[in-house]
Amino acid sequence: MKRRSIVRLPKAHLHLHLEGSARPSTIKELAELEGMPDVEQTFSNLPEFVQVYAKAAAVIKRPESLKRICRELVEDEAAQGVWYTEPMGVPQYLGNQHPFRGAQIRLKEFDTDGAWAIMQEGFAEGTRATGTEVGLMMGINRGFGVDGTVEAARFAARNKDNGIVAFGIAGDERIPPEPFAPACHIAREAGLLVVPHAGEAMGPESVWAAIKSTFPHRIAHGVRAVEDPFLLSYLSDHQITCDVAPTSNLLLGVAQDIELHQLPKLMDAGVPITLNTDDQLFFGALICDEYRLVRDTFNLTDGQLADFARVSARASGAPEHVKQRILKGIDAWLESEPDE
Ligand SMILES: [Zn+2]
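Owing to the predicted nature of the structure, the values given are computational and were not obtained by experimental measurement.

Asks: I tried to follow the overall build of the protein on my own but got confused; where do I start?
Replies: Helix and strand counts for the protein stand at 14 helices and 10 strands. A globule of 340 residues ought to have a C-alpha radius of gyration of about 20 Å, and the protein, at 19 Å, matches this closely. In terms of overall dimensions, the protein has C-alpha extents of about 55 × 45 × 40 Å along its principal axes. The buried share of the protein, reckoned over its 340 residues, is 60%. Taken as a whole, the protein presents about 13200 Å² of accessible surface, with 52% of it coming from carbon and sulfur.

Asks: Please explain helix H12 (residues 287-298) as it appears in this structure.
Replies: Since the α-helix packs 3.6 residues into each turn, any two residues three or four apart lie on the same face. Over its 12 residues, H12 extends 17 Å from the first C-alpha to the last, a length consistent with the 16 Å expected when each residue adds 1.5 Å. Ile287, Cys288, Glu290, Tyr291, Val294, Arg295 and Phe298 are the residues of H12 that are buried. Buried residues of H12, seen end-on, are gathered within an arc of 160° and therefore sit on one face of the element. Residues of H12 that are buried make contact with strand S1 (11-13), strand S2 (82-85), helix H9 (246-251), helix H10 (263-268), strand S10 (273-275) and helix H13 (302-314). Asn299 occupies a position one or two residues after H12 and carries a positive phi of about 55°.

Asks: Looking at this model, I keep getting lost on the coordination of the zinc ion. Mind explaining?
Replies: Metal coordination angles have textbook ideals: 109.5 degrees for a tetrahedral set of four donors and 90 or 180 degrees for an octahedral set of six. Coordination sphere of the zinc ion, protein contribution only: His15 (NE2), His17 (NE2), His197 (NE2) and Asp278 (OD), at 2.1 to 2.2 Å. For the zinc ion, the 4 donor atoms in the first shell make angles of 83 to 176° at the metal, a pattern classed as irregular. Here the donor residues of the zinc ion are spaced in sequence according to H-x1-H-x179-H-x80-D. You can see His15 sitting in the loop between S1 and helix H1 (24-33) and its partner His197 sitting in strand S7 (residues 193-198), a full 182 residues away along the chain.

Asks: Got a minute to help me understand the sheet that holds S2 in this structure?
Replies: Whether parallel or antiparallel, the strands of a sheet pair through hydrogen bonds between backbone atoms. Read from one edge to the other, the open sheet built from 3 strands follows the order S1-S2-S4, with strand pairing classed as parallel. The strands lining the two open edges of the sheet, one partner per strand, are S1 and strand S4 (133-134). In terms of strand pairing, S1 meets S2 through 3 bridges, oriented parallel. From the neighbouring strand, His13 faces S2, where its bridge partner is Thr85. Relative to S2, helix H14 (residues 320-335) is tilted by about 150°, and along the sheet it contacts S1, S2 and S4.

Asks: It is not clear to me how the environment of Pro47 should be interpreted in this structure. Could you clarify?
Replies: As for its position among the elements, Pro47 is in helix H2 (residues 46-57). Pro47 sits 129 residues away from Pro176 along the chain, and the two C-alpha atoms are 14 Å apart. Contact partners of Pro47, with chain neighbours within four places excluded, come to Asp172 and Arg174.

Asks: Sorry, what's going on with the nonpolar core here?
Replies: Soluble globular proteins: nonpolar side chains tend toward being buried together. Core analysis: the largest hydrophobic core is formed by 102 residues, its most contacted members being Phe123, Phe167, Phe282, Tyr291 and Phe308. In this structure Tyr291 touches Ile6, Leu9, Lys11, Leu275, Leu305, Phe308 and Ala309, once residues within four positions along its chain are discounted.

Asks: Whenever I open this one, the packing of aromatic side chains confuses me. Can you help?
Replies: Here a ring pair, both rings aromatic, is described through the centre-centre distance and the interplanar angle of the planes. For the structure on display, the rule yields 10 aromatic pairs. The rings of Phe43, Phe49, Tyr53, Phe282 and Phe283 are connected pair by pair, giving a single aromatic cluster. Positioned above the aromatic ring of Tyr291, the side-chain terminus of Lys11 is 5.9 Å from the ring centre.

Asks: Would you mind going over the pairing of strand S8 (residues 218-221) with me for this structure?
Replies: Moving residue by residue along a regular strand, the side chains alternate between the two faces of the sheet. Taken together, the 2 bridges between S7 and S8 define a ladder with parallel strand orientation. Paired with His197 across the two strands is Ala220, which belongs to S8. Crossover S7 to S8 through helix H7 (residues 204-214) is right-handed. Tracing the backbone out of S8, into helix H8 (residues 229-237) and back to the parallel element strand S9 (residues 241-244) gives a crossover that is right-handed.

Asks: Whenever I open this one, the packing of helix H3 (residues 63-79) against helix H4 (residues 112-130) confuses me. Can you help?
Replies: What describes two packed helices is the angle between their axes and the distance between those same axes. Two elements in contact, H3 and H4, have axes whose closest approach is 8 Å; the angle formed by their N-to-C orientations is 35°. Of the two possible hands of crossing, H3 and H4 adopt the one that is right-handed. Here Pro63, Leu66, Lys67, Cys70, Arg71, Leu73, Val74, Glu75 and Ala78 of H3 lie close against H4, whose contacting residues are Ala115, Ile118, Met119, Glu121, Gly122, Phe123, Glu125, Gly126, Thr127 and Thr130. Residue classes in the contact of H3 with H4 are distributed as 10 nonpolar, 4 polar and 5 charged.

Asks: Looking at this model, I keep getting lost on H8. Mind explaining?
Replies: Turning to H8, its buried residues number three or more, namely Leu231, Leu232, Leu235 and Ser236. The buried residues of H8 all sit within an arc of 135° when viewed along its axis, so they share a single face. Facing away from the buried side of H8 by more than 90 degrees, the exposed set consists of Phe230 and Asp237. Elements that come into contact with the buried residues of H8 comprise H7, S9 and H10. Residue Asp228 occupies the N-cap position of H8, its side-chain oxygen lying 3.0 Å from the main-chain nitrogen of Phe230. Downstream of H8 by a residue or two, Gln239 has a phi angle that is positive, lying close to 50°.

Asks: Help me out: how do you make sense of the sheet that holds S9 in this one?
Replies: Read across the open sheet, the 7 strands follow the order S3-S5-S6-S7-S8-S9-S10; overall the sheet is parallel. Two strands bound the open sheet, and with one partner strand each, they are strand S3 (88-89) and S10. The strands touched by helix H6 (residues 181-189) within the sheet are strand S6 (164-170) and S7, with S6 carrying the most contacts at an inclination of about 165°.

Asks: Could you clarify how one ought to interpret the environment of Ala225 in this entry?
Replies: Here Ala225 shows up in the loop between S8 and H8. In the structure, Ala225 is positioned 40 residues away from His185 in sequence and 23 Å away in space, judged by C-alpha atoms.

Conventions adopted
- Residues numbered from 1 in each chain as written.
- Predicted model: local features only at pLDDT ≥ 70, side-chain atom pairs only at ≥ 80, totals over all residues.
- Heavy atoms only, no water.
- Helix = DSSP H or I, 4+ residues; strand = E, 2+ residues; numbered from the N terminus.
- Rg over C-alpha atoms; globule rule 2.2 N^0.38 Å.
- Buried < 20%, exposed > 50% of the residue type's maximum accessible area, 1.4 Å probe, protein only.
- Areas by Shrake-Rupley, 256 points an atom, 1.4 Å probe, with all protein chains shown as cover.
- Expected span 1.5 Å × (residues − 1).
- Arc of directions from axis to C-beta.
- Contact = heavy atoms within 4.5 Å.
- Donors = N, O, S within 2.8 Å, 3.2 Å for Na, K, Ca; no water.
- Tetrahedral: all angles 85-135°; square planar, octahedral: opposite > 155°, others 65-115°.
- Pairing = 2+ DSSP bridges.
- Axes fitted to C-alpha atoms, helices over the stretch in contact; angles between N-to-C directions.
- Core = buried A, V, L, I, M, F, W, Y, C linked by side-chain atoms within 4.5 Å.
- Phe/Tyr/Trp six-rings, centres within 6.5 Å; stacked < 30°, edge-to-face > 60°.
- Lys NZ or Arg CZ within 6 Å of the ring centre and 35° of its normal.
- Right-handed = clockwise from strand over helix to strand, strands pointing away.
- Left-handed = near helix turned anticlockwise from the far one by under 90°.
- Nonpolar A, V, L, I, M, F, W, Y, C, P; charged D, E, K, R; others polar.
- Polar contact = N/O pair within 3.5 Å; in protein donor to acceptor, adjacent residues only side chain to side chain.

Written as structure tokens, this is what we have:
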């Protein structure tokens, strides 16, 4: 049976990390440039992965390296038929004024404003070349503690009409979300989307904790919500979107096998779902690979794939006219002839 090309399906991509979406070849080149060892890729769970991630991020030491990573991300997204992308950037990895303990301090001559200006230049170059739009999710990493998270939220709030659309919490889920609630409150009050990671390494209780303390618009992952029927109903009733990343779940042991992945249970419960790569640098799957994987595993129709894409547009922080453009593009895709 012929299907419609997934690359042609217009989509938004909402759960991806800036450094973790870099090209492997670029990270290798930058490591050489800085005289640093090749980034190893050995991990089998989230805490190990967080360590590997920090090492890869540490090769981005120069303004031109950061700008390049940002430009290439937009180019790579556009090649996958992503019309709007919402990468998470963590200020602990940027600028020299950040107070986080143990942070990788890079771009030493720049403060967070300076680093953000460089990122914006890179994104803008990518957008000019491809038409794919960008909204940044400013993130905080639980592993770096609470100090400075309120400042990070204030920074995001100040830049709400300057390219930042969301505020996220990433990092080791064993660290609970409650201490980060004040930062999330500032972001929400400023009109930013609040998107904590939860329900990945930890079970439903981590999703409940994120809901009760941060009042999220979306949950990054959320797949382990399927272990609690009451939570599934809550996510469905309140239409809290889960930004699911199937390949990441497989490689970090969140799902034992793709046939056993939590996706169908989330779909059956009526939870809004988007498909995402999380960190394609480490997990290898691009966004179209993720769509293809779930289509082929669960025998999904093009209509169901279009639904994921529609949710990705609606639940994003994109401006309304961008959302509408994507939604119209999805309708046109469904009306087009199957070609794959
Ligand atoms: Zn993630």
